[in-house]
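Below, each chain spelled out in residue letters.
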Amino acid sequence: MKLTAPPVALWPARWALWATGRVSALVLPWLLAAAGIGAAGCDAGPAEGLQPEATRTADPLLGQRLVTQYQCGSCHAIPGVAAARGIRGPSLEAFGRRSYIAGHVPNRPEALVRWIVQPDALVPGTLMPSMGVSPGDARHMAAYLGTLR
Ligand code: HEC
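**Student:** Give a description of the overall build of the chain that names residues and reports values.
**Tutor:** What the chain contains, in helices and strands, is five helices and two strands. In the chain, the succession of helices and strands from N to C terminus is α-α-β-β-α-α-α. Relative to its full complement of 149 residues, the chain shows a buried share of 27%. Restricting the contact set of the chain to residue pairs at least 6 apart, pairs at least 24 apart contribute 45%. If you sum the accessible surface of the chain, you get close to 10300 Å²; carbon and sulfur atoms cover 65% of it.

**Student:** Describe the nonpolar core, listing the residues and the values that go with them.
**Tutor:** By size, the foremost hydrophobic cluster in this structure holds 25 residues, and its most contacted members are Ile 78, Leu 112, Ile 116, Met 141 and Leu 145. Contributions of two or more residues to this core are made by helix 2 (60–69), helix 3 (109–117) and helix 5 (135–146). For Ile 116, the contacting residues outside a window of four places in its chain are Val 133, Ala 138, Met 141, Ala 142 and Leu 145.

**Student:** Help me get a handle on the coordination of the iron atom of the ligand, residues and values and all.
**Tutor:** Bound to the iron atom of the ligand on the protein side are His 76 (NE2) and Met 128 (SD), at distances that span 2.0 to 2.1 Å. Around the iron atom of the ligand sit six donor atoms; with metal-centred angles ranging over 85 to 179°, the donor geometry is octahedral. Of this pair, His 76 sits in the loop between helix 2 and strand 1 (100–101) while Met 128 sits in the loop between helix 4 (119–122) and helix 5; the two residues are 52 residues apart in sequence, bridging distant segments of the chain.

**Student:** Run through the site of the ligand, naming residues and quoting values.
**Tutor:** Of all residues adjacent to the ligand, which total 22 residues, the nearest are Cys 72, Cys 75, His 76, Ala 102 and Met 128. At a separation of 2.8 Å, a nitrogen atom of the ligand approaches a polar side-chain atom of His 76. Counting residues per element, the ones that place at least two in the shell around the ligand are strand 1 and helix 3. The greatest single-element share of the shell around the ligand, amounting to three residues, is contributed by helix 3. Grouping the constituent residues of the shell around the ligand by class yields 16 nonpolar, four polar and two charged.

**Student:** Give a description of the layout of surface pockets that names residues and reports values.
**Tutor:** The rolling of a water-molecule-sized probe over the atoms marks out the regions of remaining empty space. Put simply, the largest pocket is a space of about 580 Å³. Lining the largest pocket we find 27 residues, and of these His 76, Gly 89, Pro 90, Trp 115 and Met 128 sit closest to its centre. Listing elements by their share of the lining of the largest pocket, those giving two or more residues are strand 1, helix 3 and helix 5. It is helix 3 that provides the largest number of residues to the lining of the largest pocket, a total of three residues. Its boundaries defined by the atoms lining it, the second largest pocket holds a volume of some 190 Å³. Lining of the second largest pocket is provided by 11 residues; of these, Asn 107, Pro 109, Leu 112, Ala 142 and Gly 146 occupy positions nearest its centre. When contributions to the lining of the second largest pocket are tallied by element, the ones reaching two or more residues are helix 3 and helix 5. Sorting elements by how many residues they give to the lining of the second largest pocket places helix 5 first, with three residues. Taken together, the residues of the lining of the second largest pocket sort by class into five nonpolar, four polar and two charged.

**Student:** Tell me about the side chain of Asn 107, residues and numbers included.
**Tutor:** Relative to the helices and strands, Asn 107 is located in the loop between strand 2 (105–106) and helix 3. Looking at Asn 107, its side chain comes within polar contact range of the main-chain oxygen of Phe 95, at 3.1 Å. Non-local contacts of Asn 107, meaning those with residues more than four positions away in its chain, are made with Phe 95, Arg 98, Ser 99, Tyr 100, Ile 101 and Leu 112.

**Student:** Outline the pattern of salt bridges, supporting the account with residue identities and numerical values.
**Tutor:** Per the counting criterion, the structure on display carries one salt bridge. A salt bridge links Arg 108 to Glu 110; its shortest N-O distance comes to 3.8 Å.

Definitions and limits used
Residues numbered from 1 in each chain as written. Predicted model: local features only at pLDDT ≥ 70, side-chain atom pairs only at ≥ 80, totals over all residues. Heavy atoms only, no water. Helix = DSSP H or I, 4+ residues; strand = E, 2+ residues; numbered from the N terminus. Buried < 20%, exposed > 50% of the residue type's maximum accessible area, 1.4 Å probe, protein only. Contact = heavy atoms within 4.5 Å. Areas by Shrake-Rupley, 256 points an atom, 1.4 Å probe, with all protein chains shown as cover. Core = buried A, V, L, I, M, F, W, Y, C linked by side-chain atoms within 4.5 Å. Donors = N, O, S within 2.8 Å, 3.2 Å for Na, K, Ca; no water. Tetrahedral: all angles 85-135°; square planar, octahedral: opposite > 155°, others 65-115°. Near = heavy atom within 4 Å. Polar contact = N/O pair within 3.5 Å; in protein donor to acceptor, adjacent residues only side chain to side chain. Nonpolar A, V, L, I, M, F, W, Y, C, P; charged D, E, K, R; others polar. 1 Å grid on protein atoms, 1.4 Å probe; cavity = no way out; pocket = protein on both sides within 12 Å on 5 of 7 lines; lining within 4 Å. Points joined across faces, edges and corners; volume = space filled by probe spheres on them. Salt bridge = Lys/Arg side-chain N within 4 Å of Asp/Glu carboxyl O.

Note that all results are geometric; they support no functional claim without further evidence.
So this is what it looks like as structure tokens:
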């Protein structure tokens, strides 16, 4: 009897160990997963607020194609756009570093979008015509012009 006593006395302790092992094996992954989801949710928030509304969904490569498609190059020399060697308008070389649009309007993405959609709404009497560009297309084109540095 004396020999069997210790193991019996240890049973509750063993069970407790086994039980905690089971519980943590089941619960820990859930806790980690929940923490992971929480962290991802936090990351998404601020990152979205960093970009200005006008360029948040803009795609410079698509903009480059649209600049070709709308034939902006018939009046402008534009780096990266084939056959864009027009001279009626100013060269758009390094436009991303320019301080002003048409010498008047601070060169911000939102203003550039408005300029491309309807230039004379921004600078009355300007020689650049409205080209029937939708605000969506203008957003992409503004993003492309912003990459010219
Ligand atoms: C019919 C000729 C013509 C076409 C086509 C044209 N532009 Fe222009 N653009 C001009 C002229 C002229 C100016 C100068 C306007 C001013 O200074 O008032 C100008 C100015 C600009 C400016 C400001 C340049 C600067 O130095 O401040 C940008 C940006 C611009 N155009 C983008 C475009 C884009 C993008 C397109 C195609 C959707 C386009 N243009 C199509 C004639 C044109």
